[in-house]
Number of protein chains: 2
Amino acid sequence: MEDRISKGELTRTRILDLAEEAVLQKGFAATSLDELISAAGITKSGFFYHFKDKSELAKHMFVRYMEREDEIFADLEARADALSDDPLHSTLILLKMLADMLADLPETHPGCLVASYCYQHQLFNDEIRRLNEDSVLTWRAFFLRRLERIAEVYPNPEVNLRAMADLALTFIEGGIILSKTLRQKELLPELLLMYRDYVRRVFSPV
Amino acid sequence: MEDRISKGELTRTRILDLAEEAVLQKGFAATSLDELISAAGITKSGFFYHFKDKSELAKHMFVRYMEREDEIFADLEARADALSDDPLHSTLILLKMLADMLADLPETHPGCLVASYCYQHQLFNDEIRRLNEDSVLTWRAFFLRRLERIAEVYPNPEVNLRAMADLALTFIEGGIILSKTLRQKELLPELLLMYRDYVRRVFSPV
DNA sequence: TCCATTTTCGTACCTTTGGTACAGTTTTTC
DNA sequence: GAAAAACTGTACCAAAGGTACGAAAATGGA
């Protein structure tokens, strides 16, 4: 009938939620299984029923994180594209919506798993490192696709679209670090709006 | 006679070098003391003679890291200012030299301790968190000071200088993550040159 | 050369953590 | 009501961070 979520699925979600929060605050190695199982209200055996070892936890945590981010971006894209047929305009809307979303967070942005894993890459196996790399490439492709569509309408031969797509990620990752370190949540949306401004200037006819 | 470096100082430097490299690759918690002492060729007691606990290691490592960075920036600044009296021009030179320096690194940038600590803040005490915050504020002040001098000569009322200073850090931190994750060392200098370009466009009279 | 300080080693011990192994039990679900 | 799913309990292991403290080199200056 309804979209039933099995009990196991719920427990797994609970573990992953707790793990993600802990990892973003103190790193993967310092996130102890004991801490997770007691917070999740299960036992060690229960944990190992769901994840065959800690590295499986890392992998599933990351995959889930990326799926959620992808959903968010797909949703923003759909909403932005619904509001304007002009590729430049709709991308500016998208960036504004993203900035608003980040500004509306109750606290400072908790952090990005890509950055966290990047600064602990030696802890992870090749599969996870590959996943991390792929996720960055996916984001780059997302922005690049939109920038290319803009460039078709507003050609600007001087601009390196790939570098400009990378810039979006740079703003996000760098902005999170700035926001987190200074504990000022406004910094991240402010920076994103600067990126938006930059995109507008580059493509807008003077 | 010469600037003698005591044996203890040498050992401490060796420990800090090893620790910094390990921390940037797998995080602080995963960097074991046993690993450091065996690599440094000392014993556990030897380690605890130099650092009263692991948290002292974290602190000294960070302080030393920031001193080195400060030196690098002070040196770049001195060299850039020697080449031009015009504040805009000398800052553009500074950014170019920084980009060149990063491009000349033999490998991908090893990472920034500010970002590493930021993503593991819960591991550290207030003193270290404060140090981390202060270091970002110092960098912001460094760039802000230069931007203000530029703005005196090339006024642009539309621009938020503080946000533009933060942008420099954002480019660096975000660029490191991008470079490290994709294992492409060219990305970081490329991004820095984009920041340089941005600064030039903002202040250059059309 | 002697003496004090600095630097390092040896050893023993304690707790937490990740991980393994595996048998047993309760809950769901069909 | 039976099979599959979702756990629990117990016992064990090696490695890690840390503590404590006494002894021994090494070094540096008088």
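It should be emphasised that the depicted structure is a prediction, and the values quoted were computed from it without experimental measurement. (Residues numbered from 1 in each chain as written. Chains lettered and ligands numbered in written order. Predicted model: local features only at pLDDT ≥ 70, side-chain atom pairs only at ≥ 80, totals over all residues. Heavy atoms only, no water.)

Quick word on the packing of helix α4 (residues 54-83) of chain A against helix α5 (residues 87-103) of chain A
Residue and element names in this part refer to chain A. Remark: α4 packs on α5, axes separated minimally by 8 Å, with the N-to-C direction vectors making an angle of 130 degrees. It follows from the interaxial angle that α4 and α5 lie oblique. Our pair here, α4 against α5, has a crossing hand that is right-handed. Contacts between α4 and α5 involve Ile72, Phe73, Leu76, Glu77, Arg79, Ala80, Asp81 and Leu83 on the former and, on the latter, Ser90, Ile93, Leu94, Met97, Leu98 and Met101. For the contact of α4 with α5, the residue count by class is 10 nonpolar, one polar and three charged. (Axes fitted to C-alpha atoms, helices over the stretch in contact; angles between N-to-C directions. Helix = DSSP H or I, 4+ residues; strand = E, 2+ residues; numbered from the N terminus. Parallel < 35°, antiparallel > 145°, perpendicular 65-115°, else oblique. Left-handed = near helix turned anticlockwise from the far one by under 90°. Contact = heavy atoms within 4.5 Å. Nonpolar A, V, L, I, M, F, W, Y, C, P; charged D, E, K, R; others polar.)

Some details on the environment of Asp86(B)
Residue and element names in this part refer to chain B. Relative to the helices and strands, Asp86 resides in the loop between α4 (54-83) and α5 (87-103). Judged by its relative accessible area of 22%, Asp86 falls in the partly exposed class. Spatially, the C-alpha atoms of Asp86 and Ile150 are 8.0 Å apart, while their sequence positions differ by 64 residues. Once you skip the residues sitting within four places of it in the chain, Asp86 turns out to touch Val153 and Tyr154. At a separation of 3.2 Å, a polar atom in the side chain of Asp86 contacts the main-chain amide nitrogen of Leu88. (Buried < 20%, exposed > 50% of the residue type's maximum accessible area, 1.4 Å probe, protein only. Polar contact = N/O pair within 3.5 Å; in protein donor to acceptor, adjacent residues only side chain to side chain.)

Things to note about the domain arrangement of chain A
Residues and elements named next belong to chain A. Split into domains, chain A comes out as domain 1 (1-51) and domain 2 (54-203). Put simply, the middle of domain 1 and the middle of domain 2, counted by C-alpha atoms, are 27 Å apart. In this complex, domain 1 contributes 16 residues to the contact, which on the side of domain 2 involves 19 residues. In total, about 1500 Å² of surface goes out of reach between domain 1 and domain 2, with carbon and sulfur atoms giving 70% of it. Per-residue buried area on domain 1 facing domain 2 is highest for Glu20, Leu24 and Phe28; these three make up 48% of the total on that side. Linking domain 1 with domain 2 are three salt bridges, by the criterion used here. For the salt bridge of Glu20 with Arg64, the shortest nitrogen-to-oxygen distance reads 3.2 Å. Applying the counting rule to domain 1 against domain 2 returns eight residue pairs in polar contact (both at pLDDT 80 or more). (Domains from an automatic or database assignment. Buried area = accessible area lost by both parts, 1.4 Å probe. Salt bridge = Lys/Arg side-chain N within 4 Å of Asp/Glu carboxyl O.)

Here's the deal with helix α9 (residues 187-203) of chain B
Under the 1.5 Å per step criterion, the end-to-end length of α9(B) is 25 Å for 17 residues, consistent within 8% with the ideal 24 Å. The buried count for α9(B) comes to 12 of 17 residues, which makes it a mostly enclosed element. The set of residues buried in α9(B) consists of Leu187(B), Leu188(B), Pro189(B), Leu191(B), Leu192(B), Met194(B), Tyr195(B), Arg196(B), Tyr198(B), Val199(B), Val202(B) and Phe203(B). Those residues of α9(B) that are buried are in contact with α7 (126-153), α8 (161-182) and α9 (187-203) of chain A together with α5, α7 (126-153) and α8 (161-182) of chain B. (Expected span 1.5 Å × (residues − 1).)

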